[in-house]
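One-letter residues, chain by chain:
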Amino acid sequence: MGSNVLSIWRRGLHTSPTRWQVIQGVTPTKRICIVGAGPAGFYAAQHLLKKLEDCVVDVVEKLPVPFGLVRFGVAPDHPEVKNVINTFTKTAEHPRLRYFGNVSLGEDVSLKELRERYHAVLLTYGADQDRKLELENEQLGNVISARRFVAWYNGLPGAEQLAPDLSGQDVTIVGQGNVAVDVARILLSKLDALKTTDTTEYALEALSRSQVERVQLVGRRGPLQAAFTIKELREMLKLPNVDTRWRSDDFAGIDPQLEKLQRPRKRLTELMLKSLKDQGKSSAAGFKQFLPIFLRAPKAITQGEMEFSVTELQQEAAVATSITERLPSDLVLRSIGYKSSCVDAGINFDDRRGHVRNTFGRVIQESTGKVDPGLYVAGWLGTGPTGVILTTMSGAFAVAKNICDDIAVNALDTSSEKPGFEADDKRVVTWDGWKRIDNFESQVGKAKGKPREKIFNIEEMLRVAGV
């Protein structure tokens, strides 16, 4: 063993002997660092490792555990979506990839340091903030973000302290995307259906005491602009003991437009119209209610109530009228979009748009307005929060290809040797450490009839990982 390998081993970066032999056997001429172990990071790593045979990829992640929104954003009753973790695991166990969990950009290591130690740095740390309604009283205790609520039931460290008040009967969700529908479904689902998922125990306990009877899903625009997908709507319509109630006025003039719609939008609209036509045909006694409401823009928040302006569509834009409507709202969840944060002063960040300034994933220098060689961005950090995991995959592959192309035409200097990340005395979780966490969570979950019981305390994660 060389002295450098020994020094790393002494810092507690445990890994298998076989893996050390493979890494030692490679003399990398290209070192690439990916900051963020979510879908964008793993998809980019997959492409880079496939196309660049003489590169080593290091993935640096703020949390001890990987997978980002797949672990903390995908609804617990959607286990099939989480199957992509198998693909990410295969990439993570590639002999030329190293995982450094519990390492935070801007705190444990600076972007400047990473750029000095790698030929290229790819930022993929996602979107961790949510857009606000910018209304008075938004800071009231009964107003929370859907993003935080999702993090709460999914076990994101720190979110366990959210303690949403579910003692009222009426919940208003502002926004009509898939996240909003996920939240509505969790609030209206039977508890037994969630007990066999990886929903956190503290969330299950709180949901068992929930008094929520009605969830209103409110959007500025009309049914033809609804952001949720047909899959999400089908699930809501099939939810046991839940009655979906539409407002017929919201669908005025929709029928004649059906034939002009593209197929996905047409199918979604037809499903809404069928549900509207069928509502009230069967007894809904004792049922909870899911209430999608269109053409309403948030105007004011008070304790227990929310006021909306009735809107009209003008060239696809929602324009508020002088007419208003008040909806009972014991709890308000805003779900109007995510945005990223700037974690390091060296990042050229657009505060207004909430993402890194770039062109096709190549980060733009703030001083010159030109491409900053060797610095890239992918995922929501570069595009804003758009699309689903497949969208993220396509975008990450494209940015990774740009890195390969830049290397091929010498737009990126890889002539000098780079040392890569050194852990020093930091408490770093390696992939083997993650596997210990994974095994622990799975064993605890198995005893409860769940796929896993997530650890939500970082110190506990580190303890189980052995660091």
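Preceding this section is the structure that the text describes.
As a starting point, this report considers the structure included with it. Here the structure is a predicted model, which means the values were calculated and not measured.

Reading guide: rules and limits
Residues numbered from 1 in each chain as written. Predicted model: local features only at pLDDT ≥ 70, side-chain atom pairs only at ≥ 80, totals over all residues. Heavy atoms only, no water. Helix = DSSP H or I, 4+ residues; strand = E, 2+ residues; numbered from the N terminus. Rg over C-alpha atoms; globule rule 2.2 N^0.38 Å. Contact = heavy atoms within 4.5 Å. Areas by Shrake-Rupley, 256 points an atom, 1.4 Å probe, with all protein chains shown as cover. Axes fitted to C-alpha atoms, helices over the stretch in contact; angles between N-to-C directions. Parallel < 35°, antiparallel > 145°, perpendicular 65-115°, else oblique. Left-handed = near helix turned anticlockwise from the far one by under 90°. Nonpolar A, V, L, I, M, F, W, Y, C, P; charged D, E, K, R; others polar. Buried < 20%, exposed > 50% of the residue type's maximum accessible area, 1.4 Å probe, protein only. Patch = residues over 30% accessible without salt bridge, like charges linked within 9 Å, V, L, I, M, F, W, Y side chains within 5 Å. Salt bridge = Lys/Arg side-chain N within 4 Å of Asp/Glu carboxyl O. Lys, Arg positive; Asp, Glu negative; His and termini not counted. Charge placed at Lys NZ, Arg CZ, Asp CG, Glu CD. Expected span 1.5 Å × (residues − 1). Disulfide = S-S within 2.5 Å. Phe/Tyr/Trp six-rings, centres within 6.5 Å; stacked < 30°, edge-to-face > 60°.

Now for the overall build of the protein. Within the protein, the secondary structure is distributed over 16 helices and 20 strands. A compact globule built from 467 residues should have a C-alpha radius of gyration of about 23 Å, and the protein, at 24 Å, falls within 12% of that. When its C-alpha atoms are laid out on the principal axes, the protein stretches across 75 × 55 × 40 Å. Put simply, of all contacts in the protein between residues at least 6 apart along the chain, 76% involve residues at least 24 apart. With an accessible surface of roughly 21,600 Å², the protein has 49% of that area assigned to carbon and sulfur atoms.

To continue, consider the packing of helix 11 (residues 230-237) against helix 12 (residues 263-278). At a minimum axis separation of 10 Å, helix 11 and helix 12 run at an interaxial angle of 20 degrees. One finds that helix 11 runs roughly parallel with respect to helix 12. In this structure, the crossing between helix 11 and helix 12 has a hand that is left-handed. Contacts between helix 11 and helix 12 involve Ile230, Leu233, Arg234 and Leu237 from the former and Arg267, Leu268, Leu271, Met272 and Ser275 from the latter. Residue composition of the contact of helix 11 with helix 12, by class: six nonpolar, one polar and two charged.

In this model, Leu295 sits at a positive phi of 60 degrees, which is unusual for a non-glycine residue. Under the relative-accessibility criterion, Leu295 is labelled buried at 18%. The phi dihedral of Gln315 falls on the positive side, at around 55 degrees, and the residue is not glycine. Tracing the backbone through its elements, the reader meets Gln315 in the loop between strand 12 (304-314) and strand 13 (317-329). Exposure remark for Gln315: the relative accessible area of 81% places this residue in the exposed category.

Bringing a positive patch on the surface into the picture now. Together, Arg234, Lys238, Arg263 and Arg267 make up a positively charged patch on the protein surface. For Lys238, the position within the fold is in the loop between helix 11 and strand 9 (242-244).

Further remarks concern helix 3 (residues 39-51). Between its first and last C-alpha, helix 3 extends 18 Å over 13 residues, near the 18 Å set by a 1.5 Å rise per residue. If you check which residues of helix 3 are buried, you get Pro39, Ala40, Gly41, Phe42, Tyr43, Ala44, Ala45, His47, Leu48 and Leu49.

This next bit is on the state of the cysteines. As enumerated under the stated definition, the model contains zero disulfides in all. The structure places no disulfide on Cys342, whose sulfur is separated from the nearest cysteine sulfur, that of Cys33, by 16 Å.

Their axes nearest at 7 Å, the elements helix 7 (residues 146-154) and helix 10 (residues 201-208) cross at an angle of 110 degrees. Accordingly, the angle class assigned to the pair helix 7 and helix 10 is roughly perpendicular. In this structure, helix 7 contributes Ala151, Trp152 and Tyr153 to the contact, and helix 10 contributes Tyr202, Ala203 and Ala206. Considered class by class, the residues forming the contact of helix 7 with helix 10 number six nonpolar, no polar and no charged.

The subject of this paragraph is the packing of aromatic side chains. Counting across every chain of the model gives 19 aromatic pairs. Where Tyr99 meets Trp431, the ring centres are 5.4 Å apart and the plane angle is 85 degrees; that geometry is what we call edge-to-face. With Tyr99 in strand 3 (residues 97-101) and Trp431 in helix 15 (residues 431-447), this pair connects stretches of sequence that are 332 residues apart. A residue is classified by how much of its surface remains accessible, and Tyr99, at 3% relative accessible area, is buried. Taken together, a centroid distance of 5.7 Å and an interplanar angle of 85 degrees make the contact between Trp246 and Phe251 edge-to-face.

Turning our attention to the environment of Gly337. Secondary-structure assignment places Gly337 in the loop between strand 14 (331-334) and strand 15 (338-339). Residue classification places Gly337 among the partly exposed residues on the basis of a relative accessible area of 26%. A C-alpha to C-alpha distance of 20 Å links Gly337 and Leu187, two positions 150 residues apart in sequence. What Gly337 contacts, discounting residues up to four positions off in sequence, is Asp130 and Arg131.

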